[in-house]
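Okay, here's what each chain looks like letter by letter:
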Amino acid sequence: MKTHAPKGTYDLLPENASRWRYLENQIHKIFREYGFGEVRTPIFEHTELFQRGIGETTDIVEKEMFTFSDRGDRSITLRPEGTASVVRAFIEHNLAGPGAMAKLYYLGPMFRCEAPQAGRFRQFVQFGAETLGSNDPRVDAEIIALAVNFYRRLGIDDLDINLNSIGCPQCRPAYRQRLLEHLKPRAAQMCPNCQRRLERNPLRLLDCKNTTCQQLTVDIPLITETLCDDCGSHFEKLRQLLDSTGINYRINPRLVRGFDYYTKTVFEILAGDLGAQNALCGGGRYDGLVEMCGGKPTPGIGFAAGMERLMMVLEARQLLPEIDDRPHLYLAPLGEEAQQIIFPLCIRLRESGWIVETDLQGKSLKAQMKVADKLGARLTGVIGEDEYRAGKILMRNMETGEQELIDLAALDEYLEKVLRRR
Ligand code: AMP
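Residues numbered from 1 in each chain as written. Predicted model: local features only at pLDDT ≥ 70, side-chain atom pairs only at ≥ 80, totals over all residues. Heavy atoms only, no water.

Novice: Mind laying out the overall build of the chain, listing which residues take part and the relevant values?
Specialist: Across its full length, the chain carries 15 helices and 16 strands. Its C-alpha atoms give the chain a radius of gyration of 28 Å, more than 25% over the compact-globule value 22 Å for 422 residues. For the chain, the proportion of its 422 residues judged to be buried stands at 48%. In the chain, of all internal contacts separated by at least 6 residues, the share reaching a separation of at least 24 is 70%. For the chain, the computed accessible surface area is about 21200 Å², with 49% contributed by carbon and sulfur atoms. Charge-centre separation for the chain: the mean point of 55 positive side chains lies 3 Å from the mean point of 58 negative side chains. (Helix = DSSP H or I, 4+ residues; strand = E, 2+ residues; numbered from the N terminus. Rg over C-alpha atoms; globule rule 2.2 N^0.38 Å. Buried < 20%, exposed > 50% of the residue type's maximum accessible area, 1.4 Å probe, protein only. Contact = heavy atoms within 4.5 Å. Areas by Shrake-Rupley, 256 points an atom, 1.4 Å probe, with all protein chains shown as cover. Lys, Arg positive; Asp, Glu negative; His and termini not counted. Charge placed at Lys NZ, Arg CZ, Asp CG, Glu CD.)

Shown next, in the form of C-alpha cells:
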C-alpha cells in the first residue's frame, strides 16, 4: 500500500526548498537589522500553556489543536502558534532583568487541525517576533514597520495594512456590554458559531465571515469610540509614529483577531491576490499575557506571518530571484580505471568549493552527457581510457559546445579561468 503525506501537509522538494532558503535568509537578515534575537522553542508543549496563553474560547483551542497524551499520560500539544512558547521561554529563562527588554523572533512549523484549502494547511510555517518589556507605542510601530518593510523589500508594495485598538481590561468590559446589548436581540439570526460565542467572546462576532452575521453587526458601536484615555492616547501616538515612517494603514474597527490575549493595538496585513485566505500576517499587543502565563507583569507585542502564503504571492508575481544551484562541473568517467581517478577528484574539488556531480551508476557516456545536460552543468569533464593514460581530461563547455583536452594536473587553474565561483 502506498502511503501519502497526511491531509493538510506537503513535501518541500529540492527546487522549492532552495526558494524557501532564500526567503529564510531574508527573514533572518531583517530581524537582525531590527535588533531581534532568534529563539527556537520545542515543537510541542504542555497543553495547558496554549489553553491559558491563547484562551479557552478561541477557535484554535476549542477545535484546532493536535493534542495527545504522551507515554506518561501528560497532555501534549503540537504548537499551534509561536507567542505562547516564546513567552514561556521568556519567563523560564528569566529574560526580564530589571528594566530589561527582550526582542525575540522565531521561524518554524506550526500545527492546526483546520479544513485545508488554498493557503491553509495543517502543518504550516510561521515567522514572527515578540517585543517584551515596554508599553511604549514606539514598540508597536517598530513591529509594524518591520513587518511592512519586510514585504516591501521583497517587492510587495500594494499592502492592505489594517489597524485597530481593542482596548484593555479597563475599557473593554464596558464595550463588551454595549455590544451584547446590541447583539443579544439578534441572536436567533446568527450563525451557530456566533450564537455559541455571543456570551463568551462577543468581540469575535465582528470578524465572522458569514454574510448574515456581517449584516447584523453593520450598525454596532465601534470600540475606537469607547477607548479609555490611556488606550486612546496610545493609539493616537502609534498612528503618528506610523505616519512619520510613511506607512499607509487604514483603521479597521472590525479587526479583532482570533486570540484572547490581545490588548490595545491589533493589526493585520493583507495581500489582494490571496483570495479568501488573504492575511499575510497579523499581530497585536498583549500586555496581560506574561502574567497570565505565570511571569511578572510585563507588556508585550508581536506578530506572526505565514510563509506559504507569502511564497504564493511571490510566485504569482514572479518576485523570486532565479536561484542558480546548477553544478559547475559534471565529471564523466568511462571504465573502472577512470572511475578510480574521478571519485577522489570529485571529492577534492567539492572541498575547494566547486559544485561537482558525477556518475555513480556506471552509465554510458551518452547517458552521462544526458544527465549532465539535465542538471544544467556548466562544464563536463570526460575521462576515458585514452585520457586516463595520457593524464588528460576532455573538457566540454555545455553552453558553447566547445571542447578542449587539458592536463588533469591543470584542472584547478582551468576551472578558475573558465568559471566564476558562485
Ligand atoms: P495567526 O497566528 O492565526 O494570527 O496567523 C498569522 C499568519 O499565519 C496568517 O496571516 C497566515 O499568513 C498564517 N497562517 C495561519 N494559519 C495558517 C494555516 N492554517 N495555513 C497556512 N498559513 C497560516
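Novice: Lay out the site of the ligand with the relevant residues and their values.
Specialist: For the ligand, the set of nearby residues contains 16 residues, the closest of which are Arg112, Glu114, Phe121, Gln126 and Arg257. Between the ligand and Gln126 there is a distance of 2.9 Å, counted from an oxygen atom to a side-chain nitrogen or oxygen. Cys281 is positioned such that a nitrogen or oxygen atom in its backbone is 3.5 Å from an oxygen atom of the ligand. Protein contact buries 92% of the 480 Å² of open area that the ligand shows by itself. Every element with two or more residues in the shell around the ligand is listed here: strand E6 (123–132), strand E10 (279–285) and strand E11 (300–306). A breakdown of the residues in the shell around the ligand according to their chemical character gives eight nonpolar, three polar and five charged. (Near = heavy atom within 4 Å. Polar contact = N/O pair within 3.5 Å; in protein donor to acceptor, adjacent residues only side chain to side chain. Nonpolar A, V, L, I, M, F, W, Y, C, P; charged D, E, K, R; others polar.)

Novice: Describe in detail the nonpolar core, supporting the description with residues and values.
Specialist: Within the largest apolar cluster, 95 residues are counted, with the highest numbers of intra-cluster contacts made by Phe31, Phe127, Tyr151, Ile269, Phe303 and Leu310. By residue number, the principal contributor to this core is helix H5 (residues 137–153), which donates ten residues. Leave out the neighbours within four places in its chain, and Phe31 touches Phe36, Tyr105, Phe127, Gly128, Ala129, Leu146 and Phe303. (Core = buried A, V, L, I, M, F, W, Y, C linked by side-chain atoms within 4.5 Å.)

Novice: I'd like to hear about the sheet that holds strand E7 (residues 160–165), residue by residue, with values.
Specialist: As summarised here, the arrangement of the eight strands in space is E1-E5-E6-E11-E10-E9-E7-E8, forming an open sheet in which the pairing is mixed. Taken across any chain shown, the strands that pair with only one partner, and hence form the sheet edges, are strand E1 (37–38) and strand E8 (249–251). With two bridges joining them, E1 and strand E5 (residues 102–111) adopt parallel strand pairing. Paired with Glu38 across the two strands is Tyr105, which belongs to E5. Here H5 sits on the sheet and contacts E5, E6, E7, strand E9 (263–270), E10 and E11; the angle it forms with E11, its principal contact strand, is near 15°. Helix-sheet contacts for helix H11 (residues 307–316) involve E5, E6, E10 and E11, and the interaxial angle to E6 is about 110°. (Pairing = 2+ DSSP bridges. Axes fitted to C-alpha atoms, helices over the stretch in contact; angles between N-to-C directions.)

Novice: Run through a nonpolar patch on the surface, naming residues and quoting values.
Specialist: A surface patch of nonpolar side chains, about 320 Å² in accessible area, is lined by Phe343, Ile347 and Leu360. The topology assignment puts Phe343 in helix H12 (residues 336–351). (Patch = residues over 30% accessible without salt bridge, like charges linked within 9 Å, V, L, I, M, F, W, Y side chains within 5 Å. Salt bridge = Lys/Arg side-chain N within 4 Å of Asp/Glu carboxyl O.)

Novice: If you had to explain the pairing of E10 to someone new, which residues and values would you point to?
Specialist: The buried count for E10 comes to seven of seven residues, which makes it a mostly enclosed element. Sheet topology note: the E9/E10 ladder contains six bridges and is antiparallel. Counted as the bridge partner of Phe267 is Gly283 from E10. In terms of strand pairing, E10 meets E11 through five bridges, oriented antiparallel. Paired with Arg285 across the strands is Ile301, a residue of E11.

Novice: So what about the packing of helix H1 (residues 14–33) against H11? Which residues, and what values?
Specialist: With their axes 12 Å apart at the nearest point, H1 and H11 run at an angle of 110° to one another. By the angle class used here, H1 and H11 are roughly perpendicular. Here H1 contributes Asn16, Arg19, Trp20, Leu23, Glu24 and Ile27 to the contact with H11, which in turn contributes Met307, Glu308, Leu310, Met311, Leu314 and Glu315. The class makeup of the residues in the contact of H1 with H11 is seven nonpolar, one polar and four charged. (Parallel < 35°, antiparallel > 145°, perpendicular 65-115°, else oblique.)

Novice: Mind laying out the sheet that holds strand E4 (residues 75–78), listing which residues take part and the relevant values?
Specialist: Taken in spatial order, the three strands line up as E2-E4-E3 in an open sheet, and their pairing is antiparallel. The strands lining the two open edges of the sheet, one partner per strand, are strand E2 (44–46) and strand E3 (67–69). Across the sheet, the axes of successive neighbouring strands diverge by a mean angle of 35°, strand direction being ignored. Note that E2 and E4 share three bridges and pair antiparallel.

Novice: Pulling in residues and values, what's your account of the domain arrangement of the chain?
Specialist: Domain parsing of the chain yields domain 1 (14–171 + 227–316) and domain 2 (329–420). Domain 1 and domain 2 are separated by 50 Å when their C-alpha centres are compared. (Domains from an automatic or database assignment.)

Novice: Outline the pattern of salt bridges, supporting the account with residue identities and numerical values.
Specialist: With the rule as written, the count across this model stands at 31 salt bridges. Put simply, Arg120 and Glu114 hold a salt bridge, and the shortest N to O gap is 3.4 Å. Overlapping salt bridges, with partners in common, bring together Asp140, Asp230, Lys264, Arg285 and Asp287 in one network.

Novice: Would you mind going over the packing of aromatic side chains in detail, with residue names and values included?
Specialist: For the structure shown, the criterion picks out nine aromatic pairs. Members of the aromatic cluster, connected to one another through ring pairs, are Phe31, Phe36, Tyr105 and Phe303. Sitting over the ring of Phe235, Arg239 keeps its end group 5.9 Å from the ring centre. (Phe/Tyr/Trp six-rings, centres within 6.5 Å; stacked < 30°, edge-to-face > 60°. Lys NZ or Arg CZ within 6 Å of the ring centre and 35° of its normal.)

Novice: Could you give an account of the pairing of strand E12 (residues 329–333), with specific residues and numbers?
Specialist: In terms of burial, E12 is largely enclosed, as five of its five residues are buried. Neither face of E12 is left uncovered, since the one carrying Leu329, Leu331 and Pro333 and the one carrying Tyr330 and Ala332 both have all their residues buried. Examined bridge by bridge, E12 and strand E13 (residues 356–358) share three bridges and lie parallel to one another. From the neighbouring strand, Leu329 faces E13, where its bridge partner is Val356. Viewed along the sheet, the connection from E12 through H12 into E13 turns out right-handed. Judged from the five bridges that link them, E12 and strand E14 (residues 379–383) form a sheet pairing that is parallel. Each bridged residue has a counterpart across the sheet, and for Pro333 the counterpart in E14 is Ile383. (Right-handed = clockwise from strand over helix to strand, strands pointing away.)

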